[in-house]
Amino acid sequence: MPAWPELSMPEVCCICRCKEVKYDYDHLPKTSVIIAFYNEAWSTLLRTVYSVLETSPDILLEEVILVDDYSDREHLKERLANELSGLPKVRLIRATKREGLVRARLLGASAAKGDVLTFLDCHCECHEGWLEPLLHRIHEKESAVVCPVIDVIDWNTFEYLGNPGEPQIGGFDWRLVFTWHVVPERERLRMRSPIDVIRSPTMAGGLFAVSKKYFEYLGSYDTGMEVWGGENLEFSFRIWQCGGTLETHPCSHVGHVFPKQAPYSRNKALANSVRAAEVWMDEFKELYYHRNPRARLEPFGDVTERRQLRAKLQCKDFKWFLETVYPELHVPEDRPGFFGMLQNKGLKNFCFDYNPPDENQITGHQVILYTCHGMGQNQFFEYTSQMEIRYNTHQPEGCVAVEADKDVLVMHPCQDTTPENQKFILQEDGAILHQQSKKCVQAEKKASDSFVPLLRDCTGSDRQKWFFKERMS
Ligand code: LR7
Ligand code: MN
């Protein structure tokens, strides 16, 4: 039978198809739903709990475990305990000190009686049919960690915005920031039907189901991670590298509120990411450190046990992960002397800088010059052996280009073969020659306090000389 009977283009999902699926309820595993919270608002927290109770088939729901991560808001004390005490299957566990989301979730996991652990954030809304696909998949394959499609609930109006278009997969950029991507062609071709699971290199982190036994086998979570951040990529790398699969089920939908600001500080995220990099990324961690020099200096504690876990489980290396699971991610070359800040010689302490208004729409804007800051990010560029000046901290990446008959440098999408207007020659003497126009990049004043790189006839002046610098000195 052809994989795509009535579809010309491999498509992903459609809700009506999902509704046709019949589940064998008697044989699906039961789940404990674990919801850790810290200082969450009353309505969002309760909505999460009620929506789980209302949309989960009784036979599949073992219990709902709420873990209070030492909140101090008044409404989460007596009042919450009273509200929950009347609800069937709901348990409330309280941490005796602030644990952070990793250890708070683990408190819930250790109390759980279900075969499957389903984690949710504390501001979610589950939908009819959300649970069955997740449990069905884990029943089919114990080493599958399965995420629902995450729908957007507006943080301001609570309007249920849903998910525009097809479900997306998770990735990351070389600053170790989580990113969303469209389902790649290779994955569409692998899928056996539009409602098959979609393999995803990484997960957003908050919403997923995993067999309790498999979660424990994989080493649950890195308990050295504090508060928030990094655990999602760490767990994603670990799942893949140690033999599991990470998937999104297009038939399972859960809404999530993306608040404008969290009710707590997220300053531990950097150390958590460094732990993930130190344990799982092998030599590729350098690409991360180049793009976030502060990370290299961040104290990250002891990761000996996590490295031992990796050895014990005989996990594959990061190179395998990149090549097999996430081949879409461009791996920078980072040749010594050809990455970092791109600084001008004549105009002291000014560097190439690119700051697109929207991180997800990075192309189309002009490259400027700004006081060198040495923090990577907007001032990180790489000169590649393909003659590109690549802006590759973010995903998708950008390449510096000059449009026909123009003199300004703008960001274009990079291509597999470098287009002529993106080719630059970085000469021995520091001149950057735009090959197509035979002109040199020069630092110039635009207004009283703003500077830009522009194409000018080559003169050999210091304002036409540039050098890469890895960090401030
Ligand atoms: O100290 C803390 N203790 C906690 O119990 C800090 C947080 N928490 C709880 C918190 O109340 C919430 O229930 O942990 C949960 C996650 O915290 P959020 O909701 O503030 O995080 P987020 O939704 O902004 O962030 C995403 O990335 C995080 C990385 O650490 C976690 O993995 C979150 O679970 C994750 N959320 C999602 O994946 C939902 C979809 C978002 C996207 C994209
Ligand atoms: Mn959240």
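Going along each chain's sequence as written, the residues are numbered from 1 onward. Whichever chain is written first is A, and whichever ligand is written first is 1; the rest continue in order. Totals for whole chains, interfaces and linings use every residue, but because this is a predicted model, local features are given only for residues with pLDDT of at least 70 and side-chain atom pairs only at 80 or more, for both listing and counting. Each side-chain value is worked out from all heavy atoms of the structure, with water and hydrogens disregarded.

Peer 1: Hey, could you run me through the overall build of the chain in this one?
Peer 2: Secondary structure is summarised from DSSP: a helix means a run of H or I of at least four residues, a strand means a run of E of at least two, and numbering begins at the N terminus for each. Assigned secondary structure in the chain consists of 13 helices and 24 strands. The reference for a compact globule is 2.2 Å times residues^0.38; the radius of gyration itself is calculated from the C-alpha atoms. What you see for the chain is a C-alpha radius of gyration of 25 Å, in line with the 23 Å of a compact globule of 473 residues. Projecting the C-alpha coordinates of the chain onto the three principal axes gives extents of approximately 80 × 55 × 50 Å. Relative accessible area decides the class of each residue, using a 1.4 Å probe on protein chains only: under 20% of the type maximum gives buried, over 50% gives exposed, and in between gives partly exposed. Classification of the 473 residues of the chain by burial places 56% in the buried group. Contacts are assigned to residue pairs that have any heavy atoms within 4.5 Å of one another. Partitioning the contacts of the chain with sequence separation of at least 6, the portion at a separation of at least 24 is 72%. Exposure was quantified through the Shrake-Rupley algorithm and a 1.4 Å probe, taking into account, for residues, occlusion by the shown protein chains and nothing else. By element, 51% of the accessible surface of the chain is carried by carbon and sulfur atoms, the whole surface being about 21,200 Å².

Peer 1: Even after reading the chapter, I still don't get the environment of His139, so can you show me in this structure?
Peer 2: Checked against the element boundaries, His139 lands in helix α5 (residues 131–140). Counting along the chain gives 249 residues from His139 to Glu388, while the straight-line C-alpha distance between them is 48 Å. With residues up to four places along the chain from it excluded, the contact list for His139 reads His27, Leu28 and Pro29.

Peer 1: Teacher, can you tell me more about the coordination of the manganese ion (ligand 2) here?
Peer 2: Shown as donors are all N, O and S atoms within 2.8 Å of a metal ion, widened to 3.2 Å for Na, K and Ca; because water is not in the atom set, sites may appear incomplete. Binding of the manganese ion (ligand 2) to the protein goes through Asp121 (OD), His123 (NE2) and His256 (NE2), at separations of 2.2 Å. Taken in chain order, the donor set of the manganese ion (ligand 2) reads D-x1-H-x132-H. You can call His123 buried: its relative accessible area is 13%.

Peer 1: How do you make sense of the UniProt feature "domain: Ricin B lectin" (unreviewed entry) in the chain when you look at a structure like this?
Peer 2: UniProt positions are given in the numbering used here, feature names are shortened, and annotations may be inferred rather than shown by experiment. Summarizing the sequence annotation, UniProt attributes the feature "domain: Ricin B lectin" (unreviewed entry) to residues 338–469 in the numbering used throughout. In residues 338–469, helix accounts for 0% and strand for 41%; the two terminal C-alpha atoms are 8 Å from one another.

Peer 1: Quick question: what am I supposed to make of the packing of aromatic side chains here?
Peer 2: Each aromatic ring pair is described using two quantities: the centre-to-centre distance and the angle formed by the ring planes. Note on aromatic pairs: the rings of Phe, Tyr and Trp (six-membered ring only in Trp) are paired at centre separations within 6.5 Å, and the planes decide the class, stacked below 30 degrees, edge-to-face beyond 60, tilted for the rest. With the rule as written, the count across this model stands at 27 aromatic pairs. Seen in terms of ring centroids, Phe178 and Trp180 are 4.9 Å apart; in terms of plane orientation they differ by 85°. Their pairing is edge-to-face. Assessed through its relative accessible area of 21%, Phe178 is described here as partly exposed. A centroid spacing of 5.6 Å and a plane angle of 90° characterise the contact between Phe215 and Tyr221, whose relative ring orientation is edge-to-face. Cluster of aromatic residues (ring-pair linked, three or more members): Phe172, Trp174, Phe237, Phe284, Phe318, Phe321 and Tyr326. By definition, being over a ring means that NZ of Lys or CZ of Arg is both within 6 Å of the ring centre and within 35 degrees of the ring normal. In this arrangement the basic side chain of Arg266 is found over the ring face of Trp228, its NZ or CZ atom lying 3.9 Å from the centre. Positioned above the aromatic ring of Phe338 is the side chain of Arg335, whose terminal nitrogen or guanidinium carbon lies 4.5 Å from the ring centre.

Peer 1: It is not clear to me how the site of ligand 1 should be interpreted in this structure. Could you clarify?
Peer 2: Near ligand 1, the surroundings consist of 25 residues, among which Asp69, Arg98, Gly229, Glu231 and Tyr264 are the closest. One of the backbone N or O atoms of Gly205 is found 3.4 Å from an oxygen atom in ligand 1. Gly206 places a main-chain nitrogen or oxygen 2.8 Å from an oxygen atom of ligand 1. When ligand 1 is considered free in solution it has 810 Å² of accessible area, and contact with the protein chains removes 92% of it. Contributions of two or more residues to the shell around ligand 1 are made by β1 (31–37) and α4 (100–111). The greatest single-element share of the shell around ligand 1, amounting to 3 residues, is contributed by α4. Each residue gets one of three labels, nonpolar for Ala, Val, Leu, Ile, Met, Phe, Trp, Tyr, Cys and Pro, charged for Asp, Glu, Lys and Arg, and polar for the others, Gly among them. Its residues assigned to classes, the shell around ligand 1 comprises 13 nonpolar, 6 polar and 6 charged. Nearness of a residue to a molecule or strand requires only that one of the residue's heavy atoms be within 4 Å of it. Any N or O atom pair separated by 3.5 Å or less is treated as a polar contact, with the protein-specific requirement of one donor-capable and one acceptor-capable atom, and with residues adjacent in sequence counted only for side-chain atom pairs.

Peer 1: When you look at the pattern of salt bridges in this model, what are you seeing that I'm missing?
Peer 2: Side chains bearing opposite charge may pair, as long as their charged atoms lie close to each other. Put simply, a salt bridge is a Lys or Arg side-chain nitrogen that is within 4 Å of an Asp or Glu carboxyl oxygen. One pass over the full model with this rule turns up 37 salt bridges. Close ionic contact of Lys89 with Asp58 constitutes a salt bridge, the shortest N to O distance being 2.7 Å. In this pair, Lys89 is assigned in the loop between α3 (78–85) and β3 (90–94) and Asp58 in the loop between α2 (42–55) and β2 (61–68), connecting sequence segments 31 residues apart. Given the relative accessible area of 57%, Asp58 is considered exposed. For Arg307, the salt bridge goes to Glu278, with nearest N and O atoms at 2.8 Å.

Peer 1: How do you make sense of helix α9 (residues 269–280) when you look at a structure like this?
Peer 2: Structurally, the α-helix is built with 3.6 residues per turn, so residues lying three or four positions apart point the same way. In this model, α9 (12 residues) spans 17 Å end to end at C-alpha, consistent with the 16 Å of a helix rising 1.5 Å per residue. With 12 of its 12 residues buried, α9 lies for the most part within the structure. Residues Ala269, Leu270, Ala271, Asn272, Ser273, Val274, Arg275, Ala276, Ala277, Glu278, Val279 and Trp280 constitute the buried set of α9. Contacts made by the buried residues of α9 are with α8 (231–241), α10 (285–291), α11 (293–297), α12 (304–312) and α13 (318–325). After α9 finishes, the residue Asp282 shows a positive phi value of roughly 50°. A helix is expected to reach a length of 1.5 Å times the quantity of its residues less one.

Peer 1: Just checking my understanding: could you explain unusual backbone geometry for this structure?
Peer 2: A negative phi angle characterises most non-glycine residues, just as the trans form characterises most peptide bonds. Cis geometry marks the peptide bond from Gln395 to Pro396; its omega dihedral reads -10°. Within the secondary structure, Pro396 is located in the loop between β17 (389–391) and β18 (398–401). One non-glycine residue, Gln314, lies in positive phi territory at about 50°.

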